[in-house]
Structure formats: C-alpha cells, structure tokens
There are 2 protein chains.
Amino acid sequence: MQRRALLTAAAATAPAALAAPALAQAVPEVRWRLTSSFPRSTDILFGTAERMAQRVAQMTEGKFQIRAFPAGEIVGGLQALDAVQNATVECCHTATYYYTGKDPSFAFFTIIPFGMTERQQTAWFLHGGGLSQMEEMLKGYNAVPFLMGNTGAQMGGWFRREVKTLDDLKGLKFRIAGLAGDVFAKLGAVPTQLAASDIYPSLERGTIDAVEFVGPYDDEKLGFARVAPYYYYPGFWEPCAQTHLLVNQQALAALPAPYRYALETACAEANTDMMARYDQGNPEALRRLVGGGAQLRPWPRDVMAAGWRAAHQLYEEIGGRNERFRKLWESYRKFRDDQFLWFRVAEHSYDLFALTAAQTVR
Amino acid sequence: MQRRALLTAAAATAPAALAAPALAQAVPEVRWRLTSSFPRSTDILFGTAERMAQRVAQMTEGKFQIRAFPAGEIVGGLQALDAVQNATVECCHTATYYYTGKDPSFAFFTIIPFGMTERQQTAWFLHGGGLSQMEEMLKGYNAVPFLMGNTGAQMGGWFRREVKTLDDLKGLKFRIAGLAGDVFAKLGAVPTQLAASDIYPSLERGTIDAVEFVGPYDDEKLGFARVAPYYYYPGFWEPCAQTHLLVNQQALAALPAPYRYALETACAEANTDMMARYDQGNPEALRRLVGGGAQLRPWPRDVMAAGWRAAHQLYEEIGGRNERFRKLWESYRKFRDDQFLWFRVAEHSYDLFALTAAQTVR
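The model shown is predicted, which means the values in this text are computed figures rather than measured ones.

Asker: What should I look at first to understand the overall build of chain A in this one?
Answerer: The helix and strand tally for chain A stands at 15 helices and 11 strands. Relative to a compact globule of 362 residues, whose C-alpha radius of gyration would be 21 Å, chain A shows 22 Å and is just as compact. Expressed along its principal axes, the backbone C-alpha trace of chain A runs to roughly 75 × 50 × 45 Å. Sorting the 362 residues of chain A into buried and exposed places 59% on the buried side. Sequence separation of 24 or more characterises 76% of the internal contacts of chain A that already satisfy a separation of 6 or more. Surface exposure of chain A reaches about 13300 Å², of which carbon and sulfur atoms provide 51%. Charge centroids of chain A, computed over 38 positive and 37 negative side chains, lie 1 Å from each other.

Asker: Sorry if this is basic, but what is going on with the packing of helix 13 (residues 301-321) of chain A against helix 15 (residues 346-360) of chain B here?
Answerer: Each pair of packed helices can be described by the angle between their axes along with the distance between the axes. It is the contact of helix 13 of chain A with helix 15 of chain B, at a shortest axis distance of 11 Å, that shows an interaxial angle of 55°. It follows from the interaxial angle that helix 13 of chain A and helix 15 of chain B lie oblique. Two packed elements cross with a definite hand, and for helix 13 of chain A against helix 15 of chain B that hand is right-handed. Residue-level inspection shows Arg301(A), Met304(A), Ala305(A) and Trp308(A) of helix 13 of chain A in contact with helix 15 of chain B, the latter providing Ser349(B), Phe353(B), Ala354(B), Ala357(B), Ala358(B) and Thr360(B). When its residues are assigned to classes, the contact of helix 13 of chain A with helix 15 of chain B shows 7 nonpolar, 2 polar and 1 charged.

Asker: Teacher, can you tell me more about the confidence of the model for chain A here?
Answerer: Should pLDDT be low for a region, the predicted coordinates there are not to be read in detail. Residue and element names in this part refer to chain A. Looking at chain A as a whole, the pLDDT averages 93, with 93% of positions reaching at least 70. Contacts from residues 1-24, a stretch scored under 50 in pLDDT, to residues over four places away or in other chains number 27 contacts. Taken over the whole predicted complex, pTM reads 0.93, whereas the ipTM for its chain interfaces reads 0.92.

Asker: What should I look at first to understand unusual backbone geometry in this one?
Answerer: Excluding glycine, residues mostly have negative phi values, and the peptide bonds linking residues are mostly trans. All names here are of chain A. For the bond from Tyr233 to Pro234, the omega torsion is -10°, close enough to zero to count as cis. Mapped onto the secondary structure, Pro234 falls in the loop between strand 9 (230-233) and strand 10 (242-248). Notably, Glu61 is not glycine yet its phi reads approximately 50°, a positive angle. For Asn142, which is not a glycine, the phi torsion comes out positive at approximately 60°. Within the element layout of this structure, Asn142 appears in the loop between helix 7 (130-139) and strand 4 (143-150).

Asker: Would you take a moment to explain helix 14 (residues 323-343) of chain B for this structure?
Answerer: Given 3.6 residues to a turn, an α-helix orients residues that are three or four positions apart in the same direction. When the terminal C-alpha atoms of helix 14 of chain B are compared, their 30 Å separation across 21 residues agrees well with the 30 Å that a helix rising 1.5 Å per residue should span. All of the buried residues along helix 14 of chain B are Phe325(B), Leu328(B), Trp329(B), Tyr332(B), Phe335(B), Arg336(B), Asp338(B), Gln339(B), Phe340(B), Trp342(B) and Phe343(B).

Asker: Could you clarify how one ought to interpret the relation of the copies chain A and chain B in this entry?
Answerer: Put simply, the two copies of the chain differ by a rotation about an axis and a shift along that axis. Laying chain A over chain B is done by rotating through 180° and shifting 0.0 Å along the axis; what remains is an RMSD of 0.0 Å. Taken together, the rotation angle and the small translation identify this as a two-fold axis. Most of the interface of chain A is mirrored in chain B: 100% of its interface residues are interface residues there too.

Asker: Whenever I open this one, the pairing of strand 2 (residues 64-69) of chain A confuses me. Can you help?
Answerer: Moving residue by residue along a regular strand, the side chains alternate between the two faces of the sheet. Note that strand 1 (residues 30-36) of chain A and strand 2 of chain A share 6 bridges and pair parallel. If you follow Thr35(A) over to strand 2 of chain A, its bridge partner there is Phe69(A).

Asker: Any chance you could explain the side chain of Thr42(B) here in plain terms?
Answerer: All names here are of chain B. Relative to the helices and strands, Thr42 resides in the loop between strand 1 (30-36) and helix 3 (43-59). Of the polar contacts made by the side chain of Thr42, one reaches the backbone oxygen of Pro39; its length is 3.1 Å. Not counting residues within four places of it along the chain, the set of residues in contact with Thr42 comprises Phe213, Asp218 and Lys221.

Asker: Explanation requested: helix 9 (residues 196-205) of chain B in the structure shown.
Answerer: Residue and element names in this part refer to chain B. All buried positions along helix 9 are accounted for by Ile199, Ser202 and Leu203. Down the axis, helix 9 shows its buried residues gathered within 100° of arc, on one side only. In this structure, helix 9 carries Ser197 and Arg205 as exposed residues pointing more than 90 degrees from its buried face.

Asker: Before we go on, may I ask you to explain the interface of chain A and chain B in this structure?
Answerer: Frequently, the measure chosen for interface size is the accessible area removed from exposure when the parts meet. On the side of chain B, 77 residues touch chain A, which itself brings 77 residues to the contact. Summing the contributions of chain A and of chain B, the shared interface buries around 7300 Å²; its carbon and sulfur component is 68%. Contact with chain B buries area across many residues of chain A, yet Trp342(A), Tyr350(A) and Leu355(A) alone supply 11% of it, more than any other trio. Scanning the region where chain A abuts chain B turns up 6 salt bridges. The residue Arg119(A) makes a salt bridge to Asp279(B) at a minimum N-O spacing of 2.6 Å.

Asker: Teacher, can you tell me more about the sheet that holds strand 11 (residues 295-298) of chain A here?
Answerer: The pairing of strands in a sheet happens through backbone hydrogen bonds and is either parallel or antiparallel. Residue and element names in this part refer to chain A. Reading across the sheet, the 6 strands line up as 7-6-8-5-9-11 and stay open at both edges, with mixed pairing between neighbours. Here the strands that pair on one side only, and so sit at the sheet edges, are strand 7 (190-192) and strand 11. Pairing analysis gives 3 bridges linking strand 6 (residues 173-175) to strand 7, with the strands arranged parallel. By the bridge assignment for strand 7, Lys173 is matched with Val190.

Asker: Would you mind showing me how to read the UniProt feature "binding site: Na(+)" (unreviewed entry) in chain A here?
Answerer: Residue and element names in this part refer to chain A. When the UniProt feature table is mapped onto this chain numbering, "binding site: Na(+)" (unreviewed entry) sits at Phe213. Mapped onto the fold, Phe213 is located in the loop between strand 8 (210-211) and helix 10 (216-219). Residue classification places Phe213 among the partly exposed positions, given a relative accessible area of 25%. Contacts of Phe213, omitting those with residues within four sequence positions, involve Thr42, Gln154, Asp218, Asp219, Leu222, Phe224 and Glu238.

Asker: Hey, could you run me through the pattern of salt bridges in this one?
Answerer: Pairing between side chains of opposite charge can happen when their charged atoms approach one another. Here the structure, examined in full by the defined rule, presents 55 salt bridges over all chains. In this structure, the salt-bridge partner of Asp273(A) is Arg51(A), at a minimum N-O distance of 3.6 Å. Taken as a pair, Asp273(A) in helix 12 (residues 257-291) and Arg51(A) in helix 3 (residues 43-59) lie far apart in primary sequence, 222 residues in all. Overall, the relative accessible area of 5% leaves Asp273(A) in the buried class. A relative accessible area of 26% places Arg51(A) in the partly exposed class. A salt bridge links Glu347(B) to Arg119(B), with the nearest nitrogen and oxygen atoms 2.8 Å apart. With Glu347(B) in helix 15 and Arg119(B) in helix 6 (residues 118-127), this pair connects stretches of sequence that are 228 residues apart.

Conventions adopted
Residues numbered from 1 in each chain as written. Chains lettered and ligands numbered in written order. Predicted model: local features only at pLDDT ≥ 70, side-chain atom pairs only at ≥ 80, totals over all residues. Heavy atoms only, no water. Helix = DSSP H or I, 4+ residues; strand = E, 2+ residues; numbered from the N terminus. Rg over C-alpha atoms; globule rule 2.2 N^0.38 Å. Buried < 20%, exposed > 50% of the residue type's maximum accessible area, 1.4 Å probe, protein only. Contact = heavy atoms within 4.5 Å. Areas by Shrake-Rupley, 256 points an atom, 1.4 Å probe, with all protein chains shown as cover. Lys, Arg positive; Asp, Glu negative; His and termini not counted. Charge placed at Lys NZ, Arg CZ, Asp CG, Glu CD. Axes fitted to C-alpha atoms, helices over the stretch in contact; angles between N-to-C directions. Parallel < 35°, antiparallel > 145°, perpendicular 65-115°, else oblique. Left-handed = near helix turned anticlockwise from the far one by under 90°. Nonpolar A, V, L, I, M, F, W, Y, C, P; charged D, E, K, R; others polar. pLDDT = per-residue confidence, 0-100. Expected span 1.5 Å × (residues − 1). Least-squares fit on C-alpha atoms with pLDDT ≥ 70 in both. Pairing = 2+ DSSP bridges. Polar contact = N/O pair within 3.5 Å; in protein donor to acceptor, adjacent residues only side chain to side chain. Arc of directions from axis to C-beta. Buried area = accessible area lost by both parts, 1.4 Å probe. Salt bridge = Lys/Arg side-chain N within 4 Å of Asp/Glu carboxyl O. UniProt positions renumbered as here; feature names shortened; annotations may be inferred.

Spelled out as structure tokens, the structure:
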C-alpha cells in the first residue's frame, strides 16, 4: 500500500474533529498480516511475533495492528519470504536459512555450521556490518530485515544408536537440511528431508536413524526420546539461530515514521525476549528429558573436527561459484575469528571454572 | 510532575487547532533530564543513554525528549539514584551495585561475584522473577527500573606484580569496591577506594598494587599497562554487569501510555546495542593492549576456588542479617545453578571446541 492511500484511508475513518491532515498523519489506522514460518506448537518462536505485535499496538495507541498467523494458515512456513516479496502479506517471521535453495548466502543471517554464538552473531549484525549486508541482499527480494529472536546454541539431535566415532556416521540417515545437511554428506551421512508429521513414525520404523530439531524446550514436545534416545550436543551447525522479521519494502515505506520506529524497536525487544525465554525454559526441559530416558552424549572430538574441516571446505566451494557468498564468508569469518579470540579470554575462562564449580569446589 | 500538570502544559503550548483534550493527550511535549553514572570517556556506557533518548524521540515525533548528562554535570555518578528518588531528575542510567551501602541487595541487579553471565542474567530478569523483585525493592526508592545495557564478562584488572598463588594476594592493595572488595578482603587483600583521577599516579608510585575497571575497550584509554602490566582474567566478580534506567515513579506515572511504552521498548533496544558494541570493540582493543605490553594472565585455580568459597560464605553472612538479601540470593542461586547446568551442555561444549578450532584442527 502506498503512503497516500494509507493516509486517505485513515482520514476517511477518523472522527470529523480529528480530520485535519496533521492529525491523520499522526494516527492513521494500519493493519498488517504477519505470516510465521513457525507453528503454534513451538510457542516461544511463534509467540515472539505476537509479543512484537502487542508492543507496536501499545506504542501507537492501538492504531498499528499486526496480526500473526502460524505457518500454514496463509502460506506454508517455507513460503514466508515469497509471501512478503509478492505482497501477499506485509511481513513474516522466519529463518532465512530456509531459502538457501534461492541463494546459499541466506544461511549467514540465521547461522552457518561452526558460526558464531548468539552474542557474537548479534554484534556482527549490529556493529560488524552484518545487518547492512543483509539489507543489501534482501532488497533483491523486496524486503527489509529486522532481528527478531534467537534460539541460542541448539542440540545435536536424537539418534537411535550411539555415534562413537566418525565411522558411525557412514550411511546414517539423518533428517537435517541446508548447509548442515551438506556438511553431514561430506562426513558420509545421508541427509534426508521429511515432512514434520513423518519424523516420529520414520524413526520408530528405522526408515531414518536420526533427527535434529532445536533444543530441550521444543524437542521435549516431540517425544523423540522414546524411539531415538541418544541426545547429542552441541548442534555445531547451529551455535545459535537468528530469526528475523522481514517486511515488504512498499509496506514499510508507507508507514508514518513513528510507526516504523516503533516496529523496529519492538523487534529489538522481542529479539531479547525470545532468547531469555529459551534460556529460562531449556534447563527444566532438559532435566525432564533426562528423567524420561534421554541419554546425553557429547559429540566425539573426531566428529567435531571432521565437521569443522568439511564446513570450511564447503564454504570455499560455494564461494568459488557465488560471489555474494564469498564476500559474506570473508566478512563473517574475520568477525567470527576476532570474537572467538576475545571470548576465549574473559567469557570462556569464567565458564570453564564457574559452570562446574558448585560440583568441584569444596 | 503530575499527569494533569503535563497535560495542561501540553495544551497550553499546542496550536489552537489541536487543543481538543484527546489531542493534547496524544501528543504532549515532555522534556526529561537523565543523569548518567558514567563519564563521556566511557563512550559506550554513556552513549547507551543517548541512543535510547534518540529512539524515544523518533517514536514520538520529537515530542518526548530526554537529555542525557554525564556523571558530575548534575550530580556525581554515585548520587544518580538519590537524584531520581528526590526528583532532581526524571531518570538516571546507573549500576545499582553502587548503592550496596544503602542495602547490599542492590548488588544482584548489576552482578554479584560468581553470578550469572549476560544471557543468564537477562533470562533471570525477564523470565526468572529478577525484574519483578527489583521493581518491588526500587519502590522503596521511588523508582522504576528498566534493563539498559550490559558490559559482558569483565577483565580481572591490572597488577604491578604477578599473582602466582593465593598467597600473593596477602596484603595486596587492590582498588575494588562493593561485595567484590569484601570477597578480596576474605582472601587477604586490602580493598582500597580511590577517586578515578588518583588511580594512575597511585599505581605508578606503588601506593596501590592493582586496579580493576571494565574490559579491554574501556581499560585501554586509562593506560594502566605502562605501570601495572599483568592483566588478569576473568573478572570473576563481574561475569557480566547489568546497567539500568531508573525512572522517578511520579514522572513515569505522568507519561501518556504510548510514551511509557516507547521508553520501555527503547531501553530494551539500547540494552542489546550496548552489549553488541562492547563485543565488537573488545577484540581490537585487547589486541592493541597486548601489542602495547599488557601481559595476559589467567587467575590461578586456587585463587578462583578460594574466591568461590569466600563469595558464598559472604552471601550466607549478609543473608543472616538482611532478609531481602537472603531471599534474593535464594532466587538468584537457584536460577544460576539451573542456567549453569544447561549452559554446560550445548553452549559451553561448543565454545570448548570452536573457540580454539582454527588453531587446533588441521
């Protein structure tokens, strides 16, 4: 919708006493639809869009209303970007790594295997040029991105049998997508795509050997522990996962400036809130999962090391045929290596001592 | 200022055409002063208040203006809470552990020795009851708190001589304040208070042996490496440091609802932005410091372990005579131990491998 149309609509519905142009501009009624890539069942993910919408309404006296629809109600979860691009909806809440089929460069904005953790990825977006590179790329899809929620480091998924060495991955049918699937293919596994509803029966029958999802809070609902009890960590292909609000360019341009700022700031608040909800919810869920039979297993070091080599080889290969990917990888890698250097000092040395001190210091 | 007074003032200055009550309420002019506990020289800290103020102005079409003053221009950095309580200013940007002299319970809201890291502390505030406990306590000081910025894990400070064992702390004159000073006193050190301008000459002359400040980005400006080259990590007494906007209760109550929501949301955005700026700025500063002669040293494990015991003993002692402290410590400790349990799994195991993988995986 164009700005003029919006203003006219607002003026038409405003009480006569408020019909002066300056006022119509100050408080037009705007209604948007948001399509989420996430179902209602992943309530933290889906709820993040609702929380953002509530804040926007509060800051605009209810004049700017955004209604969030779960995946599948307007379009499917993986069609969210298309729906924004062609203006089926004004905005979506999504993870851009769903669109690596369009361009693998989309992966950087959610996460790449052996990428940065949440704090580091956020610093890259806000003060390392990440968001401006994303904005530049998204122009080609008629969309503008805002950070809106992160899951933190994910788990490595559920396995029917233990993985004791790298050899145990050979031929293993693993439900995992995108660049992470490409990394596992290099390690000898067979990445497999399955609709969500088919995962549990496929694991039960042994049609697949393993599945990865998110972390304890979301994983618990799916009941995988009963059929694939070995629960690996960390999900080295998702040391965090950033989700975004993507807004149709014309819809954004049509907003009065204060509404645009309210939208942007509400996304920033929802971004922090989602991370905090996961951090609050994961410990209890993990405890219940372990109580219910999940067997926690760290990845063997040879799997991690082979994964590291495979991922970096993959980035060189893709960069060789995709200039945008090559440039993004260069920027991302330099920022990541600097962050890793700094986090080794104060943050990691603290964790190394404190996370186990209650058990080890007497 | 009361709500009625605000509305009257707004109506008086509004153009005649906008003088209907509904409008005056929608767009009153509000001007606030913010006193910061931080000087301009700690530009990330001070800049956080300015960034928040800019956002609030953007969301209110410039009608709600907040002017930030560095420490010392209106009141001193440690008088910020008093200035809010007695309505000298409408709000302040501060770290509540400056007020442990009023009540040691204030420490929890910034950080306590061996407390939570930034993600964990944020989860406690937003979804672990931390913020509501803080709001309850701050009512007694006529103030309402909003999260507004975190430094992340700090460094352990600058030492003239190496600390190789716990014994090397005996009699060591260390500029460190609050509960952290009490912990170091239990370890045999002599915590010392000094005005900021006296630190460098005191270190140079040997009147003090050591000083702690923030992290590489802020520490670099003070040039301590020249007189106290041993730069210890981590600052186990500040695994993060949360700062807040504290708002005078009456000033907040007088705001129109959309302004209040804009203020709250702008604080949330500034909260994330400050952390990201530190994360972006610290690696380069650390590299320059090391290039300029700083000698990085991890704390010996016996110092960390003795610190852990001393801190937990201190919390029991204070809790024995301060009921609020006891309840806060109970809530904080339970949440911390749950967070530590969860972070040991996905986050820490990823860090343990990835932070050094570029050097160790061939």
